[in-house]
Amino acid sequence: MPEDKLVLRIEKNENKNTSLSSLNIEEADALISLITALRDLCNNVPDNTNLKIELKEGSAMASLRGTPSSMAPIFDNFDEVIKRTSRDSVDVESWRNIQSILQNKRFNIEANIIKKGVKTSIKEKVVAAKTFKRASSWTKSNVKLEFYSGKLNEIGGKKPNIHLLVDDSDIIVECSETEAVYVSSKIRLYETVRIAAWTKINGKNEVIERQFSEVYFNDEDFELYRSLIISYKDSRLPAFIDKMYDISNPLLDNKKYSDFRKFMSLFIHKSWNLNVLKTMLVISKDFSNVPQISNLRERLNIFYLEQKNRLKTIKNKNKSDD
Amino acid sequence: MTTREIEESIIRTEKQGTPATFVGAAVELDIDGDAVHSGIVIFNGNDYKLFHFTGKDVLLVESSDPNWRNRRWYYHKVIDRIDEQEIEAFLGFCRNISKRATPRYAFYYDGQAKYAPTGDYIYASVKGEYMTCVGFCLNVLHSFIDDGQYLDPSTWPVTDETDQPNYEDFLSTLRKHDVEFDNNIIKVGFKRISPSEYLSSAFLDKKPIVYNDVKPINDQVELVLCRFENN
């Protein structure tokens, strides 16, 4: 599997080519700041054992690279910084430092993200953005899993999304190309489409974004999962965990792996309680080799480790405050 | 590890002075301070529960439950590798197993079998849930803890309880229950891991746990347990 990368390359300084083997002080300072930022970003994700920082000649290049699943949190955190929804001071500060170097007109620096071998420049949006800041608490976005059922109005596009007509209003759900292709292979235009989407709401209760989670092909599944998720906020954690087993036991008993996958995909999100994530890991443990499940379980594990790490940090901080 | 350190880590299973959250390997002592039964204790804030196989039933009992016999004779050691923040997930797992498990008592632990997330027993060698109270605890822990075997019973010696005549008895029980088995495979699993060895395993974080690591700790643990009851 090719590695995903975040590549920062100092090409020129004052129109003179930069070379890793002969840096002047200004270039060395810039490179040190970039490496420091990459190190801090790397250090700020729970599982960085598969991440490497690479320095290379050919101008002066510093990159962070690793397996797609280990790079995913780095890219996710970057998206939050760009959208100004990140509350993480390390991520925001590291990206602000990268931003200030990219904005320095004396340098000519390339900044690219490479995912699955496809290179995308992030320079323009980082340079154009206002100085990165942490989201203040009142704008803290709130993410909820919402269920939408409506007429499929439009699907695909350059930035892939799904448009549903729900009670005359146009609901837009962002998705990946694969997801768009999958949904459109199953549901024709103007037919009913049932979708679960992670919905981000700002402090003023406005929807900022909806991100595709799952699609359902019948009302029973849609209602089952909708009522399960609605019950989460009203039930105590133990009762909710019992419900998870009640749903998964018969699916696994009868080897209904693709149905189980639909159930499992509801839990692939960092906003879940640690015990819910762990329960899902335990439930899916013996099935990590089943093709429909293995990939999903890996992603689940990343969110689990992230959450665990975050809670540990908070706990240690509280301890040292005592 | 010094005997003193071991002594300080083995705690009487009772309400703690302050709220506590952890999972512990627990044993029940008899009047001589010998560990005669085992279970898993789960402390969750102000209260605690015992999850165990009585030899007949699988029970998840509250500390106030009259079904928990000899409650004041229980001692435990915290199992560090279960994170206190995951206590609700562990309890949920126990509740699901208690709904479905139907073990039968025998000196059998092959280290391969475990409780599936569905609460069903998954076996590699013997078709049927044969285990001791210790085997039950080990099976549960093995299923909850991340990948890898919790304890390797093949490193355990044959004892009086698992010698040839007793093994023959076990085989005839299996035949009586119409259980299919492969003689060569299950011979390896006809082992008894004692309750105090189970308690001792909680002092180790290497996995799988092997007999040679448990032995020196267990020698001290047994001494410590005797002292508890003599006090």
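Residues numbered from 1 in each chain as written. Chains lettered and ligands numbered in written order. Predicted model: local features only at pLDDT ≥ 70, side-chain atom pairs only at ≥ 80, totals over all residues.

Chemist: Would you explain the overall build of chain A in this entry?
Modeler: Secondary structure assignment for chain A yields 10 helices and 11 strands. Across its three principal axes, chain A shows a C-alpha extent of roughly 65 × 50 × 40 Å. Across the 322 residues that make up chain A, the buried fraction comes to 29%. (Helix = DSSP H or I, 4+ residues; strand = E, 2+ residues; numbered from the N terminus. Buried ≥ 20, exposed ≤ 12 C-beta atoms within 10 Å, placed from the backbone.)

Chemist: Sorry, what's going on with the overall build of chain B here?
Modeler: Scanning chain B from N- to C-terminus turns up seven helices and 10 strands. Relative to the 2.2 N^0.38 estimate, which gives 17 Å for 231 residues, the radius of gyration of chain B is 17 Å and therefore close to what a compact globule would have. Counting only C-alpha atoms, chain B reaches 50 × 35 × 35 Å along its principal axes. The buried share among the 231 residues of chain B stands at 43%. Within chain B, counting contacts between residues at least 6 apart in sequence, those at least 24 apart form 69% of the total. (Rg over C-alpha atoms; globule rule 2.2 N^0.38 Å. Contact = placed C-beta atoms within 7 Å.)

Chemist: Would you mind showing me how to read the confidence of the model for chain B here?
Modeler: Regions with low pLDDT should not have their predicted coordinates read in detail. Residue and element names in this part refer to chain B. A residue-level look at chain B finds 91% of positions with pLDDT of 70 or above and a mean pLDDT of 85. Averaged over each element, pLDDT in chain B is lowest for strand β9 (residues 121-122) (62) and highest for helix α6 (residues 195-201) (95). Note on the complex model: pTM 0.71, ipTM 0.84. (pLDDT = per-residue confidence, 0-100.)

Chemist: How should I be thinking about the interface of chain A and chain B in this particular structure?
Modeler: As a measure of interface size, the accessible area lost when the parts come together is often cited. With 19 residues of chain A in contact, the opposing surface of chain B contributes 16 residues. At the level of secondary structure, the elements contributing two or more residues to the side of chain A that touches chain B comprise α7 (237-253), α9 (274-284) and α10 (291-321) of chain A. Here the element with the most residues in the side of chain A that touches chain B is α7 of chain A; it accounts for nine residues.

Chemist: Would you explain helix α3 (residues 89-103) of chain A in this entry?
Modeler: Since the α-helix advances by 3.6 residues per turn, residues separated by three or four positions end up pointing in the same direction. Residues and elements named next belong to chain A. Compared with the 21 Å implied by 1.5 Å per residue over 15 residues, the 20 Å span of α3 between its first and last C-alpha is a close match. Residues of α3 that are buried: D91, V92, S94, W95, I98 and Q99. Along α3, the residues classed as buried sweep out an arc of 165° about the axis, all on the same side. Turning to α3, the residues buried within the fold contact β1 (4-13), α1 (25-43), α2 (68-82) and α4 (123-128). (Expected span 1.5 Å × (residues − 1). Arc of directions from axis to C-beta.)

Chemist: Which parts of the structure should I look at to understand the pairing of strand β4 (residues 60-66) of chain A?
Modeler: Both faces of the sheet carry side chains from a regular strand, because those side chains alternate between them. All names here are of chain A. Among the seven residues of β4, six are classified as buried, and the element is accordingly described as predominantly covered. As defined by bridge partners, strand β3 (residues 51-57) adjoins β4 across seven bridges and the pair is classed as antiparallel. If you follow L55 over to β4, its bridge partner there is A62. Adjacent in sequence and paired antiparallel, β3 and β4 are bridged by two residues, among which G58 carries a positive phi angle near 95°. (Pairing = 2+ DSSP bridges.)

Chemist: Would you take a moment to explain the packing of α9 of chain A against helix α2 (residues 87-100) of chain B for this structure?
Modeler: Two packed helices can be described by the angle between their axes and the distance between those axes. The geometry of α9 of chain A relative to α2 of chain B is characterised by a closest axis approach of 8 Å and an angle of 40° between their N-to-C directions. With respect to α2 of chain B, the element α9 of chain A is oriented oblique. Both α9 of chain A and α2 of chain B take part in a crossing whose hand is right-handed. Where α9 of chain A approaches α2 of chain B, its residues N275, K278, T279 and V282 of chain A are matched on the opposing element by E88, A89, G92 and F93 of chain B. (Axes fitted to C-alpha atoms, helices over the stretch in contact; angles between N-to-C directions. Parallel < 35°, antiparallel > 145°, perpendicular 65-115°, else oblique. Left-handed = near helix turned anticlockwise from the far one by under 90°.)

Chemist: Would you mind showing me how to read the nonpolar core here?
Modeler: Soluble globular proteins: nonpolar side chains tend toward being buried together. Counting 95 residues, the largest nonpolar core has I195 and L277 of chain A together with I40, I42, C137 and L138 of chain B as the members making the most contacts within it. Top element by residues in this core is helix α3 (residues 133-144) of chain B. It accounts for eight residues. With 25 residues, the next largest nonpolar core counts I10, A37, V92 and I109 of chain A among its residues. (Core = buried A, V, L, I, M, F, W, Y, C linked by C-beta atoms within 7 Å.)

Chemist: Would you mind going over the pairing of strand β10 (residues 192-201) of chain A with me for this structure?
Modeler: Residue and element names in this part refer to chain A. Burial within β10 is extensive, with seven of its 10 residues counted as buried. As defined by bridge partners, strand β7 (residues 142-156) adjoins β10 across 10 bridges and the pair is classed as antiparallel. Across the sheet, S149 pairs through a bridge with R194, a residue of β10. In terms of strand pairing, β10 meets strand β11 (residues 207-216) through eight bridges, oriented antiparallel. Bridging across to β11, R194 finds its partner in Y216. Counting the residues between successive antiparallel strands, the hairpin from β10 to β11 contains five residues, one of them, N205, with a positive phi of roughly 65°.

Chemist: Explain the sheet that holds strand β2 (residues 20-29) of chain B here, please?
Modeler: What holds strands together in a sheet is hydrogen bonding between their backbones, with the strands either parallel or antiparallel. Residue and element names in this part refer to chain B. The strand order β1-β6-β2-β3-β4-β5 describes an open sheet built from six strands, whose pairing is antiparallel. Bordering the open sheet on either side are β1 (11-12) and β5 (58-62), each of which pairs with just one other strand. Pairing analysis gives 10 bridges linking β2 to strand β3 (residues 35-45), with the strands arranged antiparallel. From the neighbouring strand, A25 faces β3, where its bridge partner is I40. Along the sheet, α2 makes contact with β2, β3, β4 (47-53) and β5, crossing β5 at roughly 135°.

Chemist: Help me understand unusual backbone geometry, please; the structure alone is not making it clear to me.
Modeler: Both trends apply: most residues other than glycine have a negative phi, and most peptide bonds are in trans. Residues and elements named next belong to chain A. For N15, which is not glycine, the phi dihedral falls at a positive 65°. Structurally, the position occupied by N15 is in the loop between β1 and β2 (16-17). Backbone geometry places D168, a non-glycine residue, at a positive phi of 70°. By the element assignment, D168 lies in the loop between β8 (161-166) and β9 (169-174). Using a count of 6 C-beta atoms within 10 Å as the deciding quantity, one classes D168 as exposed.

Chemist: How should the packing of helix α6 (residues 219-234) of chain A against α7 of chain A be read in this particular structure?
Modeler: All names here are of chain A. Two elements in contact, α6 and α7, have axes separated by 10 Å at closest approach and are oriented at 165°. Regarding the angle of α6 to α7, the classification is roughly antiparallel. Crossing handedness for the pair α6 and α7: left-handed. Between α6 and α7, the residues in contact are L228, S231 and Y232 and F240, K243 and I247, respectively. Residue composition of the contact of α6 with α7, by class: four nonpolar, one polar and one charged. (Nonpolar A, V, L, I, M, F, W, Y, C, P; charged D, E, K, R; others polar.)

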